[in-house]
Amino acid sequence: DLVDKYGISDFDRYVGAVIDYTDRRTRTEIAGIPDGTYKADGFLDFDGFTEAIVNLRTKITIKGESAFFDFAGCDQQRRAPVNSTKAMTFAACAYALRALMANDMPVNDGFYRHVKMNAPEGTVVHAQHPAPVVGGWETQVRVTDLLFRALAPGMPNKIASATKAMMAQAGFGIIDRETGEYHCNYEALAGGYGARATSDGPDAVQQHGQNTENAPVEEVESHFPMRVSRLSLIEDSEGPGKYRGGLGMRRDYHFPEDPATFTILSDRDIAGPQGIFGGQDGRKAYYILNPDDGQKERSELTSKCVIELNPGDTVSFQTPGGGGYGPPEERNSERVLHDVIEGKINYQRARECYGVVIDQQTNTVDESATEEARKTIKKSREPV
């Protein structure tokens, strides 16, 4: 319609003008990032096929109006499905760069032409056929998190602490014994977001490249012969800080009458999301078979596994909390009290991590005891 109305010449001229405008804006935005070389290393806990961790190495070079992302040093691609494609990795770079720019920035070739990267072929960030890539998003979102972490020293007021940074994929297959119908369900679970320079991280949300929402309990239970026996935030899962990380989420899948096959494709077995600028790490993820059933043996699962469930079994999927930002003893004591009242942290954690002493009878902050407790915490942090 636009071509018919204005003609192809004018149409091309206006499209070119929009792209040129985006190009100029992008170069200006990149120039606003302090020049330098920014690095951050990380890992996935293991690949699911072997017990070897997956090492990731990121380096960003900012020089004037150019940005270059380098992934030399990342592990070679694996037999397991944790390999990211070149397109996935490019998307991580583009997302991280765009997230640091003004909200009204257009996204077109004028922007993408400035996303330059080196992702060596045959590595976990640029897999080659026939490497499996179904779980490559686990690697991709961790790469995204590392890119932000690398840039934190140069942009401390814009960068959030580490997030859940995994897709947290859960799926199950089950045959309805009454109808003989085969059911298959898949969902990606939320977790804690990292704290920011001026605010806490949101609780139980998706992050970075994820575009899914938490599946409502009623929806899942109405379609499958199973029950979600628990859905809750996880107390004390936040990364303590002047601004705390978001809380992780617990979702328990219970299969009362039918056997099922359950698949977990996730991460964060070893350690939770890291805090920055003195903030502490969030709680790591847990995957537990029959967590609260005294009649069945409780056992911890790995983040990448397929298990056969018997009738009456429950799988508890517990996602990590986000990392904290800034020293916890600098957190506003009333914010700590508020978190205790809401059940997000307990009294002991308030005292040990934040140095806030709360009178449990009146639910008020003991200011003098808090001052002393915080002095002790701060002194313990000082180098000898």
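Please read these numbers as outputs of a predicted model, since none were measured by experiment. (Residues numbered from 1 in each chain as written. Predicted model: local features only at pLDDT ≥ 70, side-chain atom pairs only at ≥ 80, totals over all residues. Heavy atoms only, no water.)

1. Comments concerning the layout of surface pockets
- Its boundaries defined by the atoms lining it, the largest pocket holds a volume of some 270 Å³.
- In terms of lining, the largest pocket is formed by 17 residues, of which the most central are Phe148, Lys158, Ile159, Ala160 and Tyr193.
- Among the secondary structure elements, those contributing two or more residues to the lining of the largest pocket are helix H3 (86-99) and helix H5 (136-151).
- The residue makeup of the lining of the largest pocket, split by class, is 9 nonpolar, 5 polar and 3 charged. (1 Å grid on protein atoms, 1.4 Å probe; cavity = no way out; pocket = protein on both sides within 12 Å on 5 of 7 lines; lining within 4 Å. Points joined across faces, edges and corners; volume = space filled by probe spheres on them. Helix = DSSP H or I, 4+ residues; strand = E, 2+ residues; numbered from the N terminus. Nonpolar A, V, L, I, M, F, W, Y, C, P; charged D, E, K, R; others polar.)

2. What to know about the pairing of strand E9 (residues 260-265)
- Bridging between strand E5 (residues 169-175) and E9 involves 6 bridges; their strand directions are antiparallel. Paired with Phe172 across the strands is Phe262, a residue of E9.
- Two elements, E9 and strand E12 (residues 304-309), share 6 bridges in a ladder whose sense is antiparallel. The partner of Ile264 across the bridge, within E12, is Cys305. (Pairing = 2+ DSSP bridges.)

3. Some points on the packing of H3 against H5
- Their axes nearest at 9 Å, the elements H3 and H5 cross at an angle of 35°. Classified by chirality, the crossing of H5 by H3 is right-handed. For the pair H3 and H5, contact is made by Met88, Thr89, Ala91, Ala92, Cys93, Tyr95, Ala96 and Ala99 and by Gly136, Trp137, Gln140, Val143, Thr144, Leu147 and Phe148, respectively.
- Class assignment for the residues of the contact of H3 with H5 results in 11 nonpolar, 4 polar and no charged. (Axes fitted to C-alpha atoms, helices over the stretch in contact; angles between N-to-C directions. Left-handed = near helix turned anticlockwise from the far one by under 90°. Contact = heavy atoms within 4.5 Å.)

4. Looking at the side chain of Arg349
- In this structure, Arg349 sits in helix H8 (residues 347-354).
- Setting aside its immediate chain neighbours within four residues, Arg349 contacts Asp236, Glu238, Pro240 and Tyr354.

5. Notes on empty space enclosed by the protein
- Within this structure, the stated rule accounts for 2 cavities of 30 Å³ or more.
- Its volume calculated, the largest cavity comes out at about 40 Å³.
- Forming the walls of the largest cavity are Ile33, Ile60, Ile62, Ala67, Phe69, Ala96, Leu97, Leu100, Leu147 and Leu151.
- The set of elements that each furnish at least two residues to the lining of the largest cavity consists of strand E2 (54-63), strand E3 (66-70), H3 and H5.
- Of the residues that constitute the lining of the largest cavity, the class distribution is 10 nonpolar, no polar and no charged.
- In this structure, the second largest cavity spans a volume of roughly 40 Å³.
- Along the walls of the second largest cavity sit Asp145, Phe148, Arg149, Ala160, Ser161, Ala162 and Ile276, which together make up its complete lining.
- The residue inventory of the lining of the second largest cavity, partitioned by class, reads 4 nonpolar, 1 polar and 2 charged.

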